[in-house]
Structure formats: C-alpha cells, structure tokens
Amino acid sequence: DAATDTLVGRLEGVKAATVVTLQLIHPTVPAKDVRQTFTPDASGEFSLPLPLLERARWQVQLEDAGGEWRLHADWHWPEQKNLDIRPAAEAGKGA
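Residues numbered from 1 in each chain as written. Predicted model: local features only at pLDDT ≥ 70, side-chain atom pairs only at ≥ 80, totals over all residues. Heavy atoms only, no water.

**Considerations on unusual backbone geometry**
Look at the link from Trp77 to Pro78: it is a cis peptide, with omega at 5 degrees. Position of Pro78 relative to the elements: it lies in the loop between β6 (70-77) and α1 (88-91). (Helix = DSSP H or I, 4+ residues; strand = E, 2+ residues; numbered from the N terminus.)

Rendered as structure tokens:
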C-alpha cells in the first residue's frame, strides 16, 4: 500500500510460526536493497513497513529461515501494484 508505506501479503501453505525473510533487491544499487524478517500470522498474512521505493524492476525473494524453500520474482514497481509468486513447479501447471 503506497499510501501507508506498507507491504501487505499472504503466504499459502506455510507452517505456523515460520520465520520468513523478504528481500527486495534493487537492480543496480545494492545500498537500496531492503531486507526484512517476519513471521506471518496463522492464516499466512503479513504486513511490513517499507521505505519509499523508487521506480525500478526489483527482484523479490522470500525464503524461510530453515532454508527449506525460496520464492523469487521480478516486480516492476509502481506499474505492478500486486505480485503473485508461486513455486516453479506450481507455476507451470496448466500451461
């Protein structure tokens, strides 16, 4: 939510009390990268404060603290208001 500088999301199929790291990786300036660790609620929902992000093609990476899974995608901010990231095996289903 750009109006409140908040990233709101939901992770499906994540075990309760799973610690997750979100990385927003700037395409050219590492000093602008954002890294936050959080624990989604029981339904997988989360809300994180974010700094003002500049217009860019950010790389988004979500990973559990145990290293059992990792999701990644490109995010064209602000053109893309929403981002749906699915595991590679699931993303190819039905294609």
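**So, the confidence of the model for the protein**
When pLDDT is averaged along the protein, the result is 88; 89% of the residues meet or exceed 70. The spread of mean pLDDT over the elements of the protein runs between α1, the lowest at 61, and strand β2 (residues 20-25), the highest at 97. (pLDDT = per-residue confidence, 0-100.)

**Quick notes on the sheet that holds β2**
Strand order in the open sheet formed by four strands is β3-β2-β5-β6, and the pairing between neighbours is antiparallel. Whereas interior strands pair on both sides, the edge strands pair on one side only; in this sheet they are β3 (34-38) and β6. Averaged over neighbouring strand pairs, the angle between their axes works out to 15 degrees when direction is ignored. Sheet topology places β2 next to strand β5 (residues 56-64); six bridges connect them, and they run antiparallel. (Pairing = 2+ DSSP bridges. Axes fitted to C-alpha atoms, helices over the stretch in contact; angles between N-to-C directions.)

**Details of the nonpolar core**
Membership of the largest hydrophobic core comes to 19 residues, with the highest contact counts inside it found for Leu22, Leu24, Phe38, Leu53, Trp58, Leu62 and Trp75. Listing elements by their share of this core, those giving two or more residues are β2, β3, β4 (45-49), β5 and β6. Take this core: its biggest share by element is four residues, from β5. The contact partners of Trp58, leaving out residues within four places of it in the chain, are Leu24, Ile25, His26, Lys32, Leu53, Ala73, Asp74, Trp75 and Trp77. (Core = buried A, V, L, I, M, F, W, Y, C linked by side-chain atoms within 4.5 Å. Buried < 20%, exposed > 50% of the residue type's maximum accessible area, 1.4 Å probe, protein only. Contact = heavy atoms within 4.5 Å.)

**What about the environment of Arg70?**
Residue placement: Arg70 occurs in strand β6. Given the relative accessible area of 49%, Arg70 is considered partly exposed. Separated by 49 residues in the primary sequence, Arg70 and Thr21 have C-alpha atoms spaced 9.5 Å apart. In contact with Arg70, other than residues within four places in its own chain, are Gln61, Leu62 and Glu63. Of note is the side chain of Arg70, whose polar atom sits 3.1 Å from the side chain of Glu63. (Polar contact = N/O pair within 3.5 Å; in protein donor to acceptor, adjacent residues only side chain to side chain.)

**A closer look at the environment of Gln23**
Within the secondary structure, Gln23 is located in strand β2. In sequence terms Gln23 and Leu62 are 39 residues apart; their C-alpha atoms lie 6.5 Å from each other. Among all residues touching Gln23, those that are not within four sequence positions of it are Val34, Arg35, Gln59, Val60 and Gln61.

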